[in-house]
Amino acid sequence: MFKALFRPLLHAINFKKITKLAENGDIDAQNKLGKMYHFGSYVEQDYEKAVDWYSKAAAQGDGDSQVVLGEMYEYGQGVSQDNKKAFFWYEKAAKKGNAFAQNCLGWMYEKGNGIQQDYAQAVSWYTKAAQQGDVDAQYNLGMMYNLGHGVLKNHREAFKWFNEAAQQEYPPAQASLGALYFEGLGIPLNENMALTLYEKAASNGFAPAQTYLGTLCEEKNEIVEAMTWYCKAAQQGEASALTNLGLMYGLGQNVFKNELIAYALLEMAVMSGNETALDIRKTIAKSLTPSKMDEAKALAQDPEKLWELIDSRQNLKQK
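Residues numbered from 1 in each chain as written. Predicted model: local features only at pLDDT ≥ 70, side-chain atom pairs only at ≥ 80, totals over all residues. Heavy atoms only, no water.

## Things to note about the overall build of the chain
Step number 1: Looking only at helices and strands, the chain features 18 helices and zero strands.
Step number 2: For the chain, the C-alpha radius of gyration of 25 Å lies well beyond 20 Å, the compact-globule estimate for 319 residues.
Step number 3: The dimensions of the chain, computed from C-alpha atoms along their principal axes, are 75 × 50 × 45 Å.
Step number 4: Relative to its 319 residues, the chain shows a buried fraction of 44%.
Step number 5: Taking as baseline every contact in the chain between residues at least 6 positions apart, the subset at least 24 positions apart corresponds to 44%.
Step number 6: For the chain, the exposed surface amounts to about 16900 Å²; the carbon and sulfur share of it is 50%.
Step number 7: In the chain, which carries 32 positive and 38 negative side-chain charges, the distance between the mean positions of the two groups comes to 3 Å. (Helix = DSSP H or I, 4+ residues; strand = E, 2+ residues; numbered from the N terminus. Rg over C-alpha atoms; globule rule 2.2 N^0.38 Å. Buried < 20%, exposed > 50% of the residue type's maximum accessible area, 1.4 Å probe, protein only. Contact = heavy atoms within 4.5 Å. Areas by Shrake-Rupley, 256 points an atom, 1.4 Å probe, with all protein chains shown as cover. Lys, Arg positive; Asp, Glu negative; His and termini not counted. Charge placed at Lys NZ, Arg CZ, Asp CG, Glu CD.)

This is the structure we're talking about:
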């Protein structure tokens, strides 16, 4: 009881002590104060104050503060979004050997964010981070070898890095590894292993793998399983899954026809950037009255209601 009563007072004392140290130039205290404001620990969350204290520590060479400052500039937290400044701070930390910063730097070189696009530099930084065990960098490096960006295309090297990341239960790498097994690229073709890896990625919540499994199940007329995987992916906004579900409901393909649900799903797919869904949606629209069209559009804006409707009205056709 007494500990509980004194805890707020102790935190207040600690905050004052850390603030005084930070004001006197103590790097660790500046970093701690940045974190406290960043995450709202014992103080009201304030990104601008977090940036201010991180900046003071980063200017003195604190690698951790440099990384976080890079992130805050990249995503516009407490500052105006600025890829050039994000790059500046990531580079500072990356040169100190910070794997997270090295991967971020690689990503910025790959995408041309804050710096001129340079695949070779991206590969170089991804490699540094991947060799330290950074799972994102391992996957990114695998993709560079798989696509031949910044290096000669090499499926064996792609396999090596996808495998490293997959062993850390990284879903995108599991799916990419599955694709290599399925095509026999850099490894002997093994469809059973490919399917196992896709199932792992899907079970770990990777929407593209869930969509792929849904497609396989639909082709084998395993409609309950197909619907399950499509719904899991669609609920994450995966455009292909939304389109496939919309098509099933629009055509009455293995489910009882429901153009209202179909239009709502296709509307969501279009909002996610799927061009195929645009043409199918136009076709479905012709069969809807103006009032039903309004209802379908409203349903697309209310995903929770839509999924409740699908759950209660799957109405799978019995074969």
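## Describing the packing of helix 6 (residues 99–111) against helix 7 (residues 119–130)
Step number 1: Contact geometry of helix 6 with helix 7 gives a least axis separation of 8 Å together with a crossing angle of 165 degrees. One element, helix 6, and the other, helix 7, form an angle in the roughly antiparallel class. When the axes of helix 6 and helix 7 are compared, the crossing they make is left-handed. Two secondary-structure elements touch here, helix 6 through Ala-99, Gln-102, Asn-103, Leu-105, Gly-106, Trp-107, Tyr-109 and Glu-110 and helix 7 through Tyr-119, Gln-121, Ala-122, Trp-125, Tyr-126, Lys-128 and Ala-129.
Step number 2: Grouping the constituent residues of the contact of helix 6 with helix 7 by class yields nine nonpolar, four polar and two charged. (Axes fitted to C-alpha atoms, helices over the stretch in contact; angles between N-to-C directions. Parallel < 35°, antiparallel > 145°, perpendicular 65-115°, else oblique. Left-handed = near helix turned anticlockwise from the far one by under 90°. Nonpolar A, V, L, I, M, F, W, Y, C, P; charged D, E, K, R; others polar.)

## Considering the packing of aromatic side chains
Step number 1: The full count for this structure, using the stated rule, is eight aromatic pairs.
Step number 2: Relative to Trp-89, the ring of Phe-88 has its centre 4.9 Å away and its plane inclined at 85 degrees; by these criteria the two rings are edge-to-face.
Step number 3: A relative accessible area of 40% means that Phe-88 is categorised as partly exposed.
Step number 4: Since its relative accessible area comes to 14%, Trp-89 is described here as buried.
Step number 5: By the ring-pair criterion, three or more aromatic residues cluster together here, those being Tyr-139, Phe-162 and Tyr-170.
Step number 6: When the ring centre of Trp-53 is taken as reference, the NZ or CZ atom of Lys-56 above it lies at 5.2 Å.
Step number 7: Just above the ring of Trp-125 sits the side chain of Lys-128; from NZ or CZ to the centre is 5.1 Å. (Phe/Tyr/Trp six-rings, centres within 6.5 Å; stacked < 30°, edge-to-face > 60°. Lys NZ or Arg CZ within 6 Å of the ring centre and 35° of its normal.)

## Observations concerning a negative patch on the surface
Step number 1: Residues Asp-302, Glu-304, Glu-308 and Asp-311 make up a contiguous surface patch of negative charge.
Step number 2: Residue position: Asp-302 is located in the loop between helix 17 (290–300) and helix 18 (303–312). (Patch = residues over 30% accessible without salt bridge, like charges linked within 9 Å, V, L, I, M, F, W, Y side chains within 5 Å. Salt bridge = Lys/Arg side-chain N within 4 Å of Asp/Glu carboxyl O.)

## Thoughts on the pattern of salt bridges
Step number 1: Summed over the entire model, instances satisfying the criterion amount to six salt bridges.
Step number 2: Glu-91 serves as the salt-bridge partner of Lys-95, at 3.7 Å between the closest nitrogen and oxygen. Of this pair, Lys-95 and Glu-91 both sit in helix 5 (residues 83–95), separated by four residues, roughly a single helical turn.
Step number 3: Note that Lys-292 and Glu-295 form a salt bridge whose closest N and O atoms lie 3.5 Å from each other. A residue pair is termed a helical-turn pair when its members lie 3 or 4 positions apart in one helix, as Lys-292 and Glu-295 do in helix 17 at three residues.
Step number 4: Here Lys-292 falls in the partly exposed class, since its relative accessible area comes to 38%.

## Section: helix 13 (residues 223–234)
Step number 1: Given a rise of 1.5 Å per residue, 12 residues ought to cover 16 Å, and the 16 Å separating the end C-alpha atoms of helix 13 matches this to within 8%.
Step number 2: Those residues of helix 13 lying buried are Ile-223, Ala-226, Met-227, Trp-229, Tyr-230, Cys-231, Ala-233 and Ala-234. (Expected span 1.5 Å × (residues − 1).)

## A word on the environment of Gly-63
Step number 1: Here Gly-63 is to be found in helix 4 (residues 63–75).
Step number 2: Residue class for Gly-63 comes out buried when judged on its relative accessible area of 18%.
Step number 3: Distance from Gly-63 to Ala-101, taken between C-alpha atoms, is 9.3 Å for residues 38 residues apart in sequence.
Step number 4: Ignoring sequence-local partners within four residues, the contact set of Gly-63 consists of Ala-93 and Lys-96.

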